[in-house]
2 protein chains.
Amino acid sequence: MVGRIRNRRFAAKVVEVDEAAQLIEPGDNVGMSGFTGAGYPKEVPGALAKRIAVERACGRPMKVGLWTGASTAPELDGVLAEVDGIDLRMPYQSDPVSRTKINAGSLDYTDIHLSHVAQQVRQGIFGHLDVAVVEVSGITEDGRLVPSSSVGNNTTWLDRADRVILEVNSWQSAHLAGMHDIYYGTTEPPGRTPIPITRPADRIGVPYLECPPDKVIAVVETESPDRNTVFAEPDAVSESIAGHVLDFFADEVHRGRLPRNLLPLQSGVGNVANAVLAGLETGPFRDLTAYTEVIQDGMLRLLDAGVLLTASATAFSLSPAAADRFNRDAAAYRDRIVLRPQEISNHPEVVRRLGCLAMNGIVEADIYGNVNSTHLMGSRVQNGIGGSGDFARNAHISIFVTPSVAKDGAISTIVPMVSHVDHTEHDVDVIVTEQGLADLRGLSPRRRAERIIERCAHPDFRPALRDYYDRARRGAFGFHTPHLLDESLSWHQRYVVTGSMR
Amino acid sequence: MVGRIRNRRFAAKVVEVDEAAQLIEPGDNVGMSGFTGAGYPKEVPGALAKRIAVERACGRPMKVGLWTGASTAPELDGVLAEVDGIDLRMPYQSDPVSRTKINAGSLDYTDIHLSHVAQQVRQGIFGHLDVAVVEVSGITEDGRLVPSSSVGNNTTWLDRADRVILEVNSWQSAHLAGMHDIYYGTTEPPGRTPIPITRPADRIGVPYLECPPDKVIAVVETESPDRNTVFAEPDAVSESIAGHVLDFFADEVHRGRLPRNLLPLQSGVGNVANAVLAGLETGPFRDLTAYTEVIQDGMLRLLDAGVLLTASATAFSLSPAAADRFNRDAAAYRDRIVLRPQEISNHPEVVRRLGCLAMNGIVEADIYGNVNSTHLMGSRVQNGIGGSGDFARNAHISIFVTPSVAKDGAISTIVPMVSHVDHTEHDVDVIVTEQGLADLRGLSPRRRAERIIERCAHPDFRPALRDYYDRARRGAFGFHTPHLLDESLSWHQRYVVTGSMR
């Protein structure tokens, strides 16, 4: 057999997408592939949404529990949220339609550490997993599944679901085969053993996903690109933040705290992350490695430049241009990129052992070094914590980056007290804005406050922050972490009422 | 040679305590042994405090950086804080005098995860370690050190300090020898390897501490008891909390989520912890194990009763009566108790692998499941985070326990929004008060709020919490985590102003 489906038992299950969508029942919990805009099923979710709309029109409201790797794309999260087809969403999302429904109170969203998903599902915390809908890039002659551009929780979904629907996407490079490292050694305690990764690119599993053919109820053929976000060239603010981070790394090397080739990098996505990676491209550091969640444009460029030797992740997160380039040359990357289940890419054991340098974006930080990664004004969720907690807590150095203002200067991202905490004072080593970098390691709360206000806050907000801190140092209930509770959240409240923190 | 100091080179260094204290210089960073009231140096700190008072009287103010394992006792933290002799205190304290100075703003305190201390010190984050002052229970013929009733950070202090002062305490049981497991395999990355513990009582190191004799500048002989806290018999509230926890465990076993002998227990200290352990003594569970920070009275009783097979910790934390009993029968416990460096007892890798059941006390929790373990009214530190973050984040199930009210009912420990966050919504699985137990796993914030208010809050405060939540569900800026920012901390502010949250 030629083509992407080379096993007869699987080939015999090929159906049209609408037929596949009919195999999902109302109330099912559905585990779908996808991590950022990569490797998510492209067609079954849309067909399912269409079906849900029809059912509702016929007076039969239908919802499913929707579990994924992380965020996906409009063709998955968007269409299902649009028809109110989601009962409980977990563990991460970044879709505008979903976000609106969540913040309207009509969609339940449970935002959990990405490294915790597999074990919580195995424990049955979210109930039984009925159906897995997983994109793969091919099926081998002997019935093994070649993973797609993300691994995410696919091993868990295929293992736990009663019924499996596969999407075989021939847009994905055929050369992805061999790039994945699927580890089947995780179990529930007791009896767990060490995860034997000691270097970022170590391979400890097999390159294929396993799934008993009997569980596969449908196979759908697709040829659809991942929904990647366009790469934005770094602007002055992100370049400035990147400059501070690179100076910090150079200083740590100079002090003998980091080796000359640094330690395995973890980097979130977005402008600032790409600016840091772009800076590394021309910086003094060579022979780098990455142990991270996603390989974004900047990582690919570092690989191309030979600055980055190897990268381990659970997914790609590439712009259309970079994805095209990757798909053309995928074979050339196969020995230098390892894609793993997110339980392993984000595993606290491995992150701590390797000593990752974690760099993640945030919503806001407060003067005492607490970080909010998820909520606008304490109540409205933006995306979710994702893997930032997996990395920040266990990293060798945990760095959080943000422009010092948002909304054209109406919002200060450095505030007296954060309106929600995702990373506590105990987990935040370094905060960086375009204004400067505050190394908080070893500092008591008051010393942190002085450093954050002077180095990270925007000059427009610095006097008000100093004023708050000075008054708190005189009038607080205690002076370990001086706060004035009747105004500590007043900046946020002012924004809610007036549209500005000023 | 007989007695506790059996090596001639060490014996030759025995001096009076005042002479030893003279060897500590102003501005030194001093790493002292001690974890809870166990294994701390009993006499050098007092002599140092006396010297500091004299120096100050002579117009030569003197301070030292004070690093320990965790909290110690009045003879260490208390006397040094009393004379304002501490420059920076880390990583944990619970001393009344220290606490007062910290909250007065005159003592800098950096409160960090106990598992992070060793690596941050190795990185030099807190500066150079000048002196180690370490209690041991003996010195062998060939010059190895027999650890005392706590291990804490002693391996790190002995390894990093330029100069070492030993206290050899003959009050400690001679039968402690062989009970410790000192692992010397931790390094800074790259090159870290798995920590090969797969069962709580696994021994992976050696029973002695190593220290080059050349570094030892003084040896002081003492015969002083650990400063242990009196064991309080469980009261009705703590027994009620314990009952809910035991019912929960039974239910988890019934659902097949926990084995019949549960998983390794981690338990904080105090009344509630002891009540849970007392409940386990007569409960249905057998063949238990513990992988925890401290072995308190309840653990010892479980070992005596044969209910607990083995226990791993970094320290004892026993009442005087239990300590006497332990000292009489220490030899009988040697194969069932393992004392480790706190870097290992609290290591995220091991905690996650073993799947610990973490039970820790708190200051307050909010309706969305965020937990404050450290601060009163957002500003005044109580003790510190200790190891609760090491365990909570990586535990199989993370349980937080507290009476529903404090200060004779003036304070509700369930509040609209916590005034400080040490454990985020992502890390809190279960909250228990004497009112009931809220299993939060898998729940979205709104569902958590309903469960916490109805099951955990005190009836006196429940209507006000319902009222806040109901109004927030109508008037918040977003409805994922509905908050009214102009009153979310008003309960605390009311307490600050009136002395009551009512």
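Values in this document were obtained by computation on a predicted structure and should not be read as measured data.

## With respect to the packing of aromatic side chains
For any pair of aromatic rings, geometry is given as the distance between the ring centres together with the angle between the planes.
Residues and elements named next belong to chain A.
No. 1: Scanning all chains against the criterion turns up 16 aromatic pairs over all chains.
No. 2: Following the ring pairs from residue to residue traces out a cluster consisting of Trp-67, Phe-126 and Trp-157.
No. 3: Lys-42 extends its terminal NZ or CZ atom over the ring of Tyr-40, reaching a point 4.1 Å from the ring centre.

## Some points on the relation of the copies chain A and chain B
No. 1: The transformation that overlays chain A on chain B combines an axial shift of 0.0 Å with a rotation of 180 degrees, and the residual RMSD is 0.0 Å. Those values place the two copies in the arrangement expected of a two-fold rotation axis. For chain A, the residue whose C-alpha comes nearest the rotation axis is Glu-349 of chain A, separated from it by 2.1 Å.
No. 2: The residues that chain A uses at the interface reappear at the interface of chain B in 100% of cases, marking a shared surface.

## Side note on the UniProt feature "domain: Acetyl-CoA hydrolase/transferase N-terminal" (unreviewed entry) in chain A
No. 1: UniProt feature "domain: Acetyl-CoA hydrolase/transferase N-terminal" (unreviewed entry): in the numbering of this structure it lies at residues 8-221 of chain A.
No. 2: Within residues 8-221 of chain A, the helical portion is 25% and the strand portion 19%, while the C-alpha atoms at the span's ends are 14 Å from each other.

## A word on unusual backbone geometry
No. 1: A cis amide bond links Pro-189 of chain A to the next residue, Pro-190 of chain A, at an omega of 0 degrees.
No. 2: By secondary structure assignment, the location of Pro-190 of chain A is in the loop between strand 7 (163-169) and strand 8 (216-222).
No. 3: Residues other than glycine seldom take positive phi values, yet Leu-262 of chain A does so here, at roughly 60 degrees.
No. 4: Even without glycine at this site, Met-377 of chain B takes up a positive phi of about 55 degrees.
No. 5: Within the secondary structure, Met-377 of chain B is located in the loop between strand 18 (375-376) and strand 19 (380-381).
No. 6: Taking relative accessible area as the criterion, Met-377 of chain B reaches 6% and is therefore assigned buried.

## What about the packing of helix 8 (residues 236-254) of chain B against helix 9 (residues 271-282) of chain B?
All names here are of chain B.
No. 1: Between helix 8 and helix 9, the shortest axis-to-axis distance is 8 Å and the interhelical angle comes to 55 degrees. In terms of axis orientation, helix 8 runs oblique to helix 9. The way helix 8 lies across helix 9 gives a crossing that is right-handed. Counting all contacts with helix 8, which are made through Ser-238, Glu-239, Ile-241, Ala-242, Val-245 and Leu-246, the residues of helix 9 involved are Asn-271, Val-272, Ala-275, Val-276, Gly-279 and Leu-280.
No. 2: Among the residues forming the contact of helix 8 with helix 9, the class breakdown is 8 nonpolar, 3 polar and 1 charged.

## Observations concerning the sheet that holds strand 17 (residues 371-372) of chain A
Hydrogen bonds between backbone groups are what pair the strands of a sheet, and the pairing can be parallel or antiparallel.
Residue and element names in this part refer to chain A.
No. 1: Pairing within the open sheet is mixed, and its 3 strands lie in the order 17-16-23. Strands at the two margins of the open sheet, each flanked by one partner only, are strand 17 and strand 23 (414-415).
No. 2: Two elements, strand 16 (residues 364-366) and strand 17, share 2 bridges in a ladder whose sense is antiparallel. Following the sheet pairing, Glu-364 is matched in strand 17 by Asn-372.

## Describing the UniProt feature "domain: Acetyl-CoA hydrolase/transferase C-terminal" (unreviewed entry) in chain A
No. 1: Feature annotation in UniProt assigns "domain: Acetyl-CoA hydrolase/transferase C-terminal" (unreviewed entry) to the following positions: residues 334-468 of chain A.
No. 2: A distance of 54 Å separates the end C-alpha atoms of residues 334-468 of chain A, which is 27% helix and 27% strand.

## Some points on the sheet that holds strand 16 (residues 364-366) of chain B
Residues and elements named next belong to chain B.
No. 1: Spatially, the 3 strands line up as an open sheet ordered 17-16-23, and their pairing is mixed. Taken across any chain shown, the strands that pair with only one partner, and hence form the sheet edges, are strand 17 (371-372) and strand 23 (414-415).
No. 2: Judged from the 2 bridges that link them, strand 16 and strand 23 form a sheet pairing that is parallel. Note on strand 23: the bridge partner recorded for Ala-365 is Ile-414.

Cut-offs used in this document
Residues numbered from 1 in each chain as written. Chains lettered and ligands numbered in written order. Predicted model: local features only at pLDDT ≥ 70, side-chain atom pairs only at ≥ 80, totals over all residues. Heavy atoms only, no water. Phe/Tyr/Trp six-rings, centres within 6.5 Å; stacked < 30°, edge-to-face > 60°. Lys NZ or Arg CZ within 6 Å of the ring centre and 35° of its normal. Least-squares fit on C-alpha atoms with pLDDT ≥ 70 in both. Contact = heavy atoms within 4.5 Å. UniProt positions renumbered as here; feature names shortened; annotations may be inferred. Helix = DSSP H or I, 4+ residues; strand = E, 2+ residues; numbered from the N terminus. Buried < 20%, exposed > 50% of the residue type's maximum accessible area, 1.4 Å probe, protein only. Axes fitted to C-alpha atoms, helices over the stretch in contact; angles between N-to-C directions. Parallel < 35°, antiparallel > 145°, perpendicular 65-115°, else oblique. Left-handed = near helix turned anticlockwise from the far one by under 90°. Nonpolar A, V, L, I, M, F, W, Y, C, P; charged D, E, K, R; others polar. Pairing = 2+ DSSP bridges.

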